[in-house]
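Coordinate inspection notes
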Amino acid sequence: DAKTTQPNSMESNEEEPVHLPCNHSTISGTDYIHWYRQLPSQGPEYVIHGLTSNVNNRMASLAIAEDRKSSTLILHRATLRDAAVYYCILRVGSSNTGKLIFGQGTTLQVKP
Amino acid sequence: DAGVIQSPRHEVTEMGQEVTLRCKPISGHNSLFWYRQTMMRGLELLIYFNNNVPIDDSGMPEDRFSAKMPNASFSTLKIQPSEPRDSAVYFCASSLSWDNQPQHFGDGTRLSIL
């Protein structure tokens, strides 16, 4: 499975934008980029996913580099509730597998 | 809308006892996943089902672990006999299908084996 690399931790101020980076230099053409987050004492929560084009939803935006070797999850205005571990995951699109392979993720702290 | 429901939320039992964790997926979802989370190993996929059929159980640690999905609305993960190293948070997730559909996770069962 292709691997992702994320910083262990990041800090942000409340109401400011947050850019969470993810490197995936060994990504293949059919791998989708998924982001999940896990709030304290809760199960992981789906955030967003994409293949090649940038994606937006009510929670966040996903910016994918043109060569697809990296991506950035953008939280437009961080709130205290956004403090969580954020996981960047590559999911194989061409084979019949539902596997999510979670790495260590980035722990985001949001300061008031 | 009800999400994925897991029970019990917490379980404390002695080594050697049988443990059964339960999961009710979101209605209409065809795929169900069992994960385990520990500090040392993070989140690991144990097994997943599609249309009630086990597809991949390569993550099940050993024969003491078994999982069933007798119908579309219920699944169990059983550990027999339990050992202290099985202590972890166990999550169940479901999705519309097993490809790139988002997975919806329950709140987990925190299992402690003494």
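Cut-offs and rules
- Residues numbered from 1 in each chain as written.
- Chains lettered and ligands numbered in written order.
- Predicted model: local features only at pLDDT ≥ 70, side-chain atom pairs only at ≥ 80, totals over all residues.
- Heavy atoms only, no water.
- Pairing = 2+ DSSP bridges.
- Helix = DSSP H or I, 4+ residues; strand = E, 2+ residues; numbered from the N terminus.
- Disulfide = S-S within 2.5 Å.
- Buried < 20%, exposed > 50% of the residue type's maximum accessible area, 1.4 Å probe, protein only.
- Salt bridge = Lys/Arg side-chain N within 4 Å of Asp/Glu carboxyl O.
- Axes fitted to C-alpha atoms, helices over the stretch in contact; angles between N-to-C directions.

Quick notes on the sheet that holds strand 6 (residues 61–64) of chain A
Residues and elements named next belong to chain A. If you trace the four strands from one edge of the open sheet to the other, you get 2-7-6-5, paired in antiparallel fashion. Lying at the two open borders of the sheet, with one neighbouring strand each, are strand 2 (18–23) and strand 5 (55–56). Two strands pair when backbone bridges link them, and strand 2 and strand 7 (residues 70–75) are joined in this way by six bridges, in the antiparallel orientation. Following the sheet pairing, P21 is matched in strand 7 by T72.

Some words on the state of the cysteines
Scanning all chains against the criterion turns up two disulfides over all chains. Here C22 of chain A engages in a disulfide with C88 of chain A; their sulfurs sit 2.1 Å apart. Between C22 of chain A and C88 of chain A, the S-S torsion sits near -85°, and that sign places the bridge as left-handed. Note that C22 of chain A is positioned in strand 2 and C88 of chain A in strand 8 (residues 84–92), a separation of 66 residues in sequence. A sulfur-sulfur distance of 1.9 Å marks the disulfide that ties C23 of chain B to C92 of chain B. On the S-S bond that ties C23 of chain B to C92 of chain B, the torsion sits near -70°, and the link is left-handed. Note that C23 of chain B is positioned in strand 3 (residues 19–24) and C92 of chain B in strand 9 (residues 88–95), a separation of 69 residues in sequence. With respect to burial, C23 of chain B and C92 of chain B carry one shared label: buried.

Let's talk about the pattern of salt bridges
All names here are of chain B. Within this structure, the stated rule accounts for twelve salt bridges over all chains. The residue E62 makes a salt bridge to R64 at a minimum N-O spacing of 2.9 Å. On the basis of relative accessible area, E62 is assigned to the partly exposed category, the value being 27%. According to the relative accessible area criterion, R64 is buried, its value standing at 10%.

Overview of the sheet that holds strand 8 (residues 74–79) of chain B
All names here are of chain B. The strand order 1-3-8-7 describes an open sheet built from four strands, whose pairing is antiparallel. Unpaired on one side and paired on the other, strand 1 (5–7) and strand 7 (65–71) mark the two borders of the sheet. With direction set aside, neighbouring strand axes in the sheet form an average angle of 15°. In this sheet, strand 3 lies alongside strand 1 in antiparallel orientation, the contact comprising three bridges.

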